Amino acid sequence: MSAENAMPESGGFTAEERAAMKKRAAELRAEGKKGAKKADGLQAVLDSIAQMAPEDRALAERVHMTVTATAPDLSPKTWYGMPAYANADGKVVVFFQDSGKFNYRYSTLGFQDAANLDDGDLWPVSYALQKWSAAVEKKIAELVKAAVC
């Protein structure tokens, strides 16, 4: 990874990543009504993330990058003011809830009923998230992949 694309110490988006996301939002708006809706959803998610406390923001940014890279067909949108990602039917599949939202000691990665995580009669749909690591990223990517299959 080059020095200019390296992850900042906060673990959040680099300036280049932020610029690329804003450019993509502008491209979507230029595509027309459907693209504009997706661009507005992306901008709402980015705005929601930007308003979080630094620790939560760093986690949310990494979750955003992992979800959008793993499941590009999911559309970013806000859901109760939280970053969320919806399927083609507009149903939320996965969401991120920052610890500051309800003054919890951990952030949450959650899945809604549109996620295909069914495993018998009992399966987890919510995960506590405190720190980012390669193992956390791998697990989230696996869960998102399973959720959209």
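In case you missed it, the structure is sitting above this.
Along every chain, residues carry numbers that run from 1 in the direction the sequence is written. Note on the predicted model: pLDDT of at least 70 is required for a residue's local features to be given, and 80 or more for side-chain atom pairs to be given and counted; whole-chain, interface and lining totals, by contrast, use all residues. Calculated side-chain values reflect all of the structure's heavy atoms, with hydrogen atoms and water omitted.

A. Spatial organisation of the overall build of the protein chain. Runs of E in the DSSP output that reach at least two residues are strands. Runs of H or I that reach at least four are helices, and both are numbered from the N terminus. Check the secondary structure of the protein chain and you find four helices and five strands. Counted from the first residue to the last, the protein chain has its helices and strands arranged as α-α-α-β-β-β-β-β-α. Exposure categories follow from relative accessible area, calculated using a 1.4 Å probe and restricted to protein chains: below 20% of the type maximum is buried, above 50% is exposed, and the middle band is partly exposed. Burial statistics for the protein chain: of 149 residues in total, 39% are counted as buried. Contact between two residues is taken to exist if any of their heavy atoms lie within 4.5 Å; hydrogens are not considered. Long-range contacts, defined here as pairs at least 24 residues apart, represent 43% of the contacts in the protein chain between residues at least 6 apart. Under the convention used here, a 1.4 Å probe and the Shrake-Rupley method define accessible areas, while residue burial counts only the protein chains that appear. A total of about 8900 Å² of accessible surface is found on the protein chain, and carbon and sulfur atoms cover 52% of it.

B. A look at helix α4 (residues 134-148). To estimate how far a helix should extend, the number of its residues minus one is multiplied by 1.5 Å. The end-to-end C-alpha separation of α4 is 21 Å, in line with the 21 Å expected for 15 residues at 1.5 Å each. Elements that come into contact with the buried residues of α4 comprise α3 (54-70), β3 (92-97), β4 (107-111) and β5 (126-129).

C. Region of interest: unusual backbone geometry. In the Ramachandran plot, Tyr80 falls in the positive-phi region, its phi being about 55 degrees despite a non-glycine side chain. Owing to a relative accessible area of 64%, Tyr80 belongs among the exposed residues under this scheme. For Asn103, which is not a glycine, the phi torsion comes out positive at approximately 60 degrees. Assignment of secondary structure puts Asn103 in the loop between β3 and β4.

D. Representation of the side chain of Thr108 within the structure. You can see Thr108 is positioned in strand β4. What Thr108 contacts, discounting residues up to four positions off in sequence, is Phe95, Phe96, Gln97, Ser126 and Tyr127.

E. Seen up close, the pairing of strand β2 (residues 82-86). With respect to burial, β2 is a largely interior element, five of its five residues being buried. Burial along β2 is two-sided: Met82, Ala84 and Ala86 facing one way and Pro83 and Tyr85 facing the other are all buried. Any two strands with at least two DSSP-identified bridges between them are counted as paired. Pairing of strand β1 (residues 75-79) with β2, which is carried by five bridges, proceeds in the antiparallel orientation. Bridge pairing in β2 places Thr78 opposite Pro83. Where β1 folds back on β2, the antiparallel hairpin that results is connected by two residues, among which Tyr80 adopts a positive phi of roughly 55 degrees. Two strands pair when backbone bridges link them, and β2 and β3 are joined in this way by three bridges, in the antiparallel orientation. The residue bridging Tyr85 from the neighbouring strand is Val94, located in β3. Taken together, β2 and the strand that follows it, β3, pair antiparallel across an intervening segment of five residues, in which Gly90 is found at a positive phi of about 85 degrees.

F. The side chain of Ser107, seen in detail. In this structure, Ser107 sits in strand β4. Polar contact is defined as a pair of N or O atoms within 3.5 Å, subject to the rule that within protein one atom must be able to donate a hydrogen and the other to accept it, and that residues adjacent in sequence are counted only when both atoms are side-chain atoms. Side-chain polar atoms of Ser107 contact the backbone nitrogen of Ser99, separated by 3.1 Å. Those residues in contact with Ser107 that sit more than four places away from it in its chain are Asp56, Leu59, Phe96, Gln97, Asp98, Ser99, Tyr127, Ala128 and Leu129.

On their own, these measurements won't tell you what the molecule is for.
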